[in-house]
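Single-letter residue listing:
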Amino acid sequence: MNQEQIIREQEAQRKAREHIVDSLDFFLFLSLLTLVILTIWFLKHKKFKYIHETGLAIFYGAIFGAVIHYGFKNSQIRSISFTPTNLTLKNLNDLPEYVFMGLPNTTHTFVYKYKEPTSDDSNLISDDFEEKVTFNPETFFNVLLPPIIFQAGYSMKRKHFFKNFGAILMFAMAGTTISAFLIGGLMYWVVTWQNSLKYMTFLDCLLFGSVISATDPVTTLAIFSDQNLDLSLYSLIFGESVLNDAVSLILVQQVEKFSGHSFQFGQIFSAIGSFFGIFIGSVLIGSLVGCVNAVLTKFTKIKQHSGLETALFMLISYSAFYASEAIEFSGIVTMLIAGIFQAHYTYNNLSKESQDQTRQV
C-alpha cells in the first residue's frame, strides 16, 4: 500500500469516527429532550406545581453532562505543541487563519484552522466526544434565541408592553448600568484580595460586569406564564430582559474604548447616544421587515399556497435578526419589534391556515 492510499484510508477512518460521534451526540440530545417532555407531561398530569420543568431540564442536563464527562473516555484528540521561529506578531490580527503544514517524505500539505488562544497547554488535549457535545453559545444565540424572542413579540399583549414602556426603558438603561458597576466593583474588590488575580484591572472587572448584567429570565417568565400572573409585571420583566441586551452591548463597547486611554466626560454622552442609535436602528430594521412581509402577503396571491406562505413568513422574520447583527445592532430588539409588527399588520393578511400555523410554530 503506497503513501497516497494510506492517507486516504486514514482520512476515511477519521470521517467515519466523526460521523459516529456526531450521531451519538444527536441521539443523546434527542433522548434528553424526550425525557424532559415526558417529565413535563407527568408533572402537569399530576398537577405537581412545586418543581418547574425548566429546573428539571437543568437537573437532567447536569446529570447527562456528568455522565459524559466521567463516563466517555474513549479517544483523545491528538495534538502537538510547537513554536514557529520565523513568525513574529505585532497584534492578534496578524495571526493566520490557516496553517499549512508539510511533513518530510510526503508530497501532501495538511491544513489546520485557527480555533482560540489558550495559556494552558493542558487545554489542547481533550476528549473527542466531550468536545463534540459541549454546548456552543453561538448556537443558542443565533439559532434558538431568535424564534423565542419573535414568538414573544408575536403573541405579546402589546397594550401592557407599551403602557409600561417608560418604566421598561428606565429598568433597562439605569438598572443594567448600575448592575454592571456594582458587579464590576465587587469583582475588583475580590481581585485585590487574590494575588493570583491582581493582573486584572478595574476595566477588566467592569467589562465582566457589563457582560453578565444582561440577564435573560427565561425560567422566571415561563413560571409567570404558567401561573397567569399580572401581565404588567410580565411585560416589565420581559421588556427589560430584551432591551438590556442593547445596553450591555453599549457598555462593553465603551469600556473597551476606555482601555489604555484617560476617561473623558464627553464619553458618557457618547455612550448614551450610541445606545439610542443602536436601539432606534434595531427598531427601524424590525419595523421594515414587518412592513415588507405585510406588503408581500397582501399584494401577492401566495396565500393560495399556505405552506409557502408560512415558510416565507418565517424566513423573512428570521432574516431580521441576522440583518441587524450584521450591522452591529441588537438582533434581539429587532426580532421583538418584527414580531409586534407582524402580529399587527401581517397576521390579518395571512390565510386561515397560515394564521393557525404561525401561532403554533
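Here the residue index of a chain counts from 1 through its sequence in written order. The predicted origin of the model limits local features to residues at a pLDDT of at least 70 and limits the giving and counting of side-chain atom pairs to 80 or more, whereas totals for whole chains, interfaces and linings rest on all residues. Computation of side-chain values covers all heavy atoms of the structure but excludes hydrogens and water.

1. Topic: the overall build of the chain
Starting at the N terminus, helices and strands are each numbered in turn, a helix being any DSSP run of H or I of at least four residues and a strand any DSSP run of E of at least two. From N to C terminus, the chain includes 13 helices and 2 strands. For the chain, the proportion of its 361 residues judged to be buried stands at 30%. Each accessible area is a Shrake-Rupley estimate made with a 1.4 Å probe; only the visible protein chains count as cover when residues are assessed. Within the structure as shown, the chain displays about 23700 Å² of accessible surface, and the carbon and sulfur contribution to it stands at 64%. Buried, partly exposed and exposed residues are distinguished by accessible area as a fraction of the type maximum, computed with a 1.4 Å probe on protein chains only: under 20%, between the cut-offs, and over 50%, respectively.

2. Some thoughts on a nonpolar patch on the surface
Taken together, the side chains of Phe 135, Phe 140, Val 143, Leu 144, Ile 148 and Tyr 322 define a hydrophobic patch exposed on the protein surface, amounting to about 540 Å² of accessible area. It is helix H4 (residues 137-154) that provides the largest number of residues to the nonpolar patch, a total of 4 residues. Structurally, Val 143 can be placed in helix H4. A patch is a set of surface residues, each over 30% in relative accessible area and not in a salt bridge, joined within 9 Å for like charges and within 5 Å for the nonpolar side chains Val, Leu, Ile, Met, Phe, Trp and Tyr. For this analysis, a salt bridge means a side-chain nitrogen from Lys or Arg found within 4 Å of a carboxyl oxygen belonging to Asp or Glu.

3. Some words on the confidence of the model for the chain
The predicted coordinates should not be examined in detail at positions where pLDDT is low. Known as pLDDT, the predictor's confidence for each residue is given on a scale from 0 to 100. Per-residue confidence for the chain gives a mean pLDDT of 78, with 83% of residues at or over 70. Across the chain, the element-wise mean pLDDT spans from 66 in helix H3 (residues 128-133) up to 87 in helix H11 (residues 306-326).

4. Some thoughts on the packing of H4 against H11
Here an angle of 0 to 180 degrees is reported between the N-to-C directions of two axes, which are lines fitted to C-alpha atoms, with helices fitted over the stretch in contact. For the pair H4 and H11, interaxial distance at closest approach is 10 Å and the crossing angle is 115°. The interaxial crossing formed by H4 with H11 has right-handed handedness. Touching Phe 141, Asn 142, Val 143, Pro 146, Pro 147, Phe 150 and Tyr 154 of H4 are Phe 313, Ser 317, Tyr 318, Phe 321, Tyr 322 and Glu 325, all from H11. Under this grouping Gly is polar, as are all residues other than the nonpolar Ala, Val, Leu, Ile, Met, Phe, Trp, Tyr, Cys and Pro and the charged Asp, Glu, Lys and Arg. Per-class residue counts for the contact of H4 with H11 are 10 nonpolar, 2 polar and 1 charged. Handedness of a crossing is defined here by the sense of rotation of the near helix relative to the far one, left-handed for an anticlockwise turn of less than a right angle and right-handed for a clockwise turn. Contact definition: two residues touch when any of their heavy atoms are within 4.5 Å.

5. Describing the pattern of salt bridges
Using the criterion set out here, one finds 1 salt bridge in the structure. Of the charged contacts in the structure, one is a salt bridge between Asp 356 and Lys 352, with a shortest N-O distance of 3.1 Å. With Asp 356 and Lys 352 both in helix H13 (residues 352-360) and 4 residues apart, this pair spans about one turn of that helix. Exposure remark for Asp 356: the relative accessible area of 32% places this residue in the partly exposed category.

6. What about the side chain of Gln 342?
With respect to the helices and strands, Gln 342 occurs in helix H12 (residues 331-346). Overall, the relative accessible area of 0% leaves Gln 342 in the buried class. A polar contact is formed between the side chain of Gln 342 and the side chain of Asn 293, at a distance of 3.4 Å. Setting aside residues up to four positions removed in sequence, Gln 342 forms contacts with Phe 150, Tyr 154, Gly 290, Asn 293, Phe 313, Ser 317 and Tyr 347. Polar contacts, as counted here, are pairs of nitrogen or oxygen atoms within 3.5 Å of one another; within protein the pair requires one atom able to donate a hydrogen and one able to accept it, and residues that are adjacent in sequence qualify only if both atoms are side-chain atoms.

7. Topic: the side chain of Asn 164
Tracing the backbone through its elements, the reader meets Asn 164 in the loop between helix H5 (158-163) and helix H6 (165-192). Owing to a relative accessible area of 15%, Asn 164 belongs among the buried residues under this scheme.

8. Observations regarding the packing of H11 against H12
As a packed pair, H11 and H12 sit with axes 8 Å apart at the nearest point and diverge in direction by 150°. In terms of orientation, H11 and H12 fall into the roughly antiparallel class. Seen from above, H11 lies across H12 with right-handed handedness. Contacts between H11 and H12 involve Phe 313, Ser 317, Tyr 318, Ala 320, Phe 321, Ser 324 and Glu 325 from the former and Gly 331, Ile 332, Thr 334, Met 335, Gln 342 and Thr 346 from the latter. In the contact of H11 with H12, the residues fall into 6 nonpolar, 6 polar and 1 charged. The labels follow the angle: roughly parallel below 35 degrees, roughly antiparallel above 145, roughly perpendicular from 65 to 115, and oblique for the rest.

9. Comments concerning the packing of aromatic side chains
By convention, a stacked pair of Phe, Tyr or Trp rings (six-membered ring in the case of Trp) has centres within 6.5 Å and planes under 30 degrees apart, an edge-to-face pair has planes over 60 apart, and any other such pair is tilted. Under the counting rule described, the total for this entry stands at 10 aromatic pairs. On the numbers, 5.9 Å between centres and 65° between planes, the contact of Phe 150 with Phe 313 is edge-to-face. A residue pair is termed long-range when its members are at least 10 positions apart, and Phe 150 in helix H4 and Phe 313 in helix H11 qualify at 163 residues. Taken individually, Phe 150 and Phe 313 each receive the classification buried, so the pair is uniform in this respect. Summarising the aromatic geometry, the rings of Tyr 154 and Phe 313 are spaced 5.5 Å apart at their centres and angled 55° between planes, so their arrangement reads as tilted. Taken together, the residues Tyr 154 in helix H4 and Phe 313 in helix H11 connect sequence positions 159 residues apart. The pair Tyr 154 / Phe 313 is uniform in exposure class, with both members buried. Among the aromatic residues, those joined into a ring-pair cluster are Phe 150, Tyr 154, Phe 313 and Tyr 347. The ring of Phe 299 carries the charged tip of Lys 298 above its face, separated from the ring centre by 6.0 Å. Remark: a charge is flagged as sitting over a ring if the NZ atom of Lys or the CZ atom of Arg is within 6 Å of the ring centre and within 35 degrees of the ring normal.

10. A closer look at the nonpolar core
The nonpolar core is taken to be a set of buried Ala, Val, Leu, Ile, Met, Phe, Trp, Tyr and Cys residues, with the residues joined through side-chain atoms within 4.5 Å. Counting residues in hydrophobic clusters, the biggest one holds 38 residues, and the most contacted among them are Ile 149, Tyr 154, Val 242, Leu 243, Val 333 and Leu 336. Those elements giving two or more residues to this core turn out to be H4, H6, helix H9 (231-258), helix H10 (266-299), H11 and H12. Examining the composition of this core, we find that 8 residues originate from one element, H12, more than from any other. When residues no more than four places from it in sequence are discounted, the contact partners of Ile 149 are Val 242, Ile 332, Met 335 and Leu 336.

11. Some words on H4
The α-helix winds at 3.6 residues per turn, so residues separated by three or four positions along the chain end up facing the same way. The length a helix should cover is 1.5 Å for every residue beyond the first. The terminal C-alpha atoms of H4, which comprises 18 residues, lie 25 Å apart, in line with the 26 Å expected from a rise of 1.5 Å per residue. For H4, the set of buried residues is Leu 145, Pro 146, Ile 149, Phe 150, Ala 152, Gly 153 and Tyr 154.

12. With respect to the environment of Glu 240
Along the polypeptide, Glu 240 turns up in helix H9. Residue Glu 240 is classed as buried on the basis of its relative accessible area, which comes to 17%. Considered as a pair, Glu 240 and Ala 172 are 68 residues apart in the sequence and their alpha carbons are 4.9 Å apart. Beyond its immediate stretch of four places on either side in the chain, Glu 240 contacts Ile 168, Phe 171, Ala 172 and Thr 176.

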